[in-house]
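# Descriptive analysis of the structure
Next come the chains, spelled out residue by residue.
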Amino acid sequence: MILVDNIRNGRFKTGMTDEANEYSSSLEFDKVIFYSYIKTNFAHTSMLKHEGIIDEETADNILCALDDLKEEGYDALVFDPSVEDVHMAIENYVTSKIGPQAGFMHTAKSRNDQVATDIRLVLREKIIDIQIGILEFIEGIVGMANQHLNDVFIGFTHLQHAQPITIAHHLMAHAQALKRDYERFEDTYKRVNLNPLGSAAMATTSFPINRELTTKLLGFDAYLENSMDGVSSRDFIAETVFDLTSLCTTLSKICEELILWSTYEFNIIEMADEYSSTSSIMPQKKNPDIAEIARAKSTIVNGELVTILTILKAIPYTYNRDLQEITPHLWNAIEVSQDTLSVVTHMLLSVKFNVERCSYLAGRNFATATDLADIMVREKGIPFRSAHKIVGRIVNEATSNNMLEEDITSEFIDNISLELSFDKLELSDDLIQKALNPVENVKIRNVPGGPAPEMVSVAINNINLFLNDEFEKKGI
Ligand code: ARG
């Protein structure tokens, strides 16, 4: 095999020490950009040929060698210690196939614009994969919500009983968060899908390159208009990783709920055995380990974002080798997020809700008290603040005397009302019981965004329209 002269041979008399070489090499992570490297060089060489910057025969030979490499794959590359990164290994490969004319492929191109282009090419595909994963998760949640449209459930604030909702309403809250996570990627994609190629080292080139052509060949929306920005901007990476942290925050919150809900104390859901572990000593244990690991792994992505931002803030224009250290954190953030998205999707969709327990909780602990106050306002015309005070006292007395919702009578309410210097309310017992009924509570909240089954159905229809549109856009 003929190797090109090591690029150091002109400027230096010696190579780097093995230690320095190994320390600074990006080879371990360059594997990710291998195919996009070939794609970029294909476009660049085709453009050089089209513009008559290199002769046709040389260009065709380079293109043929790149085709062979695509067939043979990454393992065809030879990584001797002088090879700093995949760029040089590929140039060596092409040289081994066609001789020194391979050197023309680097005309009007630097590793600086090359690597920025390669990362963007890989990233845009990964973004689409993640988006499809999110759409599939939303689709699964919507299916689950449809099965629980009428199943009342307790909503929490401060992790204390708040107001009745339905299981569907709760699930659809997660679906909405995931929809926004999806949309964030959609927006970021616009800033990822831009072409740095042609920026060369940092100040473009003296050759008459055609950036429109490489932009078109690589499927970018446009080229970056400033070559210094082209080689050194990595905010598209920070932005993508922020989107991942946001997605993982949604996933982690879901896990947190699954962990709480599956406790003996909550007893709201049953986790599938497939996503549970047991103890080596306590034979009765069913532990939600996968949810716990997902909750922790999402933290890794937060760490990657901070690492990336911290590297970026100390970089003067233009390319500095620090930028190389950003890329592995991007790939790791993507891998962790994708794995987490997949496992959390399958885990949530295998959960069984304890519908009876959900309904029981919704009707207890005076979670329906707001409606009792609301009927005082509606039926008797008293200000909400007065009703709030009366009902607060009703709950206080009832809980101190171990009374349940069904023990609240018109007489009991009127005694309290008088005690607080208000008039008697004379609400009928039927009306009181209706106000304290969780099913009625949910039914009456039929305003947009509310938990009433008809309103949740509207939200489900809307999100289904969104899913259809977006699946179609992604070619699914
Ligand atoms: N491995 C480098 C990176 O990932 C490629 C560019 C190297 N450029 C240079 N001037 N040493 O950023």
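For the structure itself, look to the data block above.
Every value quoted in this text rests on a predicted model; they were computed, and no experiment measured them. (Residues numbered from 1 in each chain as written. Predicted model: local features only at pLDDT ≥ 70, side-chain atom pairs only at ≥ 80, totals over all residues. Heavy atoms only, no water.)

A contiguous nonpolar surface patch, about 310 Å² in accessible area, is contributed by M202, M228 and Y317. One can find M202 in the loop between β3 (194-195) and α8 (211-217). (Patch = residues over 30% accessible without salt bridge, like charges linked within 9 Å, V, L, I, M, F, W, Y side chains within 5 Å. Areas by Shrake-Rupley, 256 points an atom, 1.4 Å probe, with all protein chains shown as cover. Salt bridge = Lys/Arg side-chain N within 4 Å of Asp/Glu carboxyl O. Helix = DSSP H or I, 4+ residues; strand = E, 2+ residues; numbered from the N terminus.)

We now examine the site of the ligand. By nearness alone, every residue bordering the ligand is listed as S26, E84, D85, R111, N112, V115, Y319, R321 and Q324. Between S26 and the ligand, the recorded distance is 3.0 Å, taken from a side-chain N or O atom to a nitrogen atom. For the ligand, a nitrogen atom lies 3.5 Å from a polar atom in the side chain of R111. Protein contacts shield 87% of the accessible area of the ligand, which totals 350 Å² for the unbound molecule. (Near = heavy atom within 4 Å. Polar contact = N/O pair within 3.5 Å; in protein donor to acceptor, adjacent residues only side chain to side chain.)

Attention now goes to the packing of aromatic side chains. Aromatic rings in a pair are described by how distant their centres are and how their planes are angled relative to each other. For the coordinates displayed, the defined rule picks out eight aromatic pairs. A ring pair is formed by Y74 and F79, whose centres lie 5.5 Å apart and whose planes are at 40°; its orientation type is tilted. Aromatic rings pair up to connect F34, Y35, Y74 and F79 into one cluster. In this structure, R120 is placed above the aromatic ring of F236, and the distance from its NZ or CZ to the ring centre is 3.9 Å. (Phe/Tyr/Trp six-rings, centres within 6.5 Å; stacked < 30°, edge-to-face > 60°. Lys NZ or Arg CZ within 6 Å of the ring centre and 35° of its normal.)

Turning to the pairing of strand β1 (residues 152-157), a few remarks are in order. With six bridges connecting them, β1 and strand β2 (residues 160-166) associate as antiparallel partners. Its bridge partner lying in β2, T157 is registered against Q160. In this structure, the hairpin formed by β1 and β2 is closed by a connection of two residues, where H158 is found at a positive phi of approximately 55°. (Pairing = 2+ DSSP bridges.)

For the rest of this paragraph, the subject is the packing of helix α7 (residues 167-192) against helix α19 (residues 453-473). Put simply, α7 and α19 touch, their axes get as near as 11 Å, and they point 30° apart. Classified by the angle their axes make, α7 and α19 are roughly parallel. Judged by the twist between their axes, the crossing of α7 over α19 is left-handed. Every residue of α19 that contacts α7 at A168, H169, M172, A175, Q176, K179, Y182, E183 and E186 is listed here: V456, A459, I460, I463, F466, E470 and K473. Across the contact of α7 with α19, the residue classes break down as nine nonpolar, two polar and five charged. (Axes fitted to C-alpha atoms, helices over the stretch in contact; angles between N-to-C directions. Parallel < 35°, antiparallel > 145°, perpendicular 65-115°, else oblique. Left-handed = near helix turned anticlockwise from the far one by under 90°. Contact = heavy atoms within 4.5 Å. Nonpolar A, V, L, I, M, F, W, Y, C, P; charged D, E, K, R; others polar.)

Let us look at helix α16 (residues 410-419). For α16, the set of buried residues is S410, F412, I413, D414, I416 and S417. Of the residues trailing α16, S421 is marked for its positive phi of about 65°. (Buried < 20%, exposed > 50% of the residue type's maximum accessible area, 1.4 Å probe, protein only.)

The next point concerns the pattern of salt bridges. Between side chains of opposite charge, a pair can form as their charged atoms come close. Within the structure shown, the criterion is met by 20 salt bridges. Ionic pairing is found between D60 and K49, a salt bridge with its closest N-O pair at 2.8 Å. In this pair, D60 is assigned in helix α4 (residues 56-72) and K49 in helix α3 (residues 34-50), connecting sequence segments eleven residues apart. For D60, a relative accessible area of 32% puts it in the partly exposed group. Notably, a salt bridge pairs R364 with E406, separated by 3.1 Å at the nearest N-O pair. With R364 in the loop between α13 (355-362) and α14 (369-380) and E406 in the loop between α15 (384-400) and α16, this pair connects stretches of sequence that are 42 residues apart. The exposure class of E406 is partly exposed, given its relative accessible area of 45%. Each of D187, K190, R191 and E239 takes part in salt bridges that share partners, so that together they form one network.

Across all of its chains, the model carries zero disulfides by this definition. Of the cysteine sulfurs around C248, a residue in no disulfide, the closest is that of C255, at 9.7 Å. (Disulfide = S-S within 2.5 Å.)

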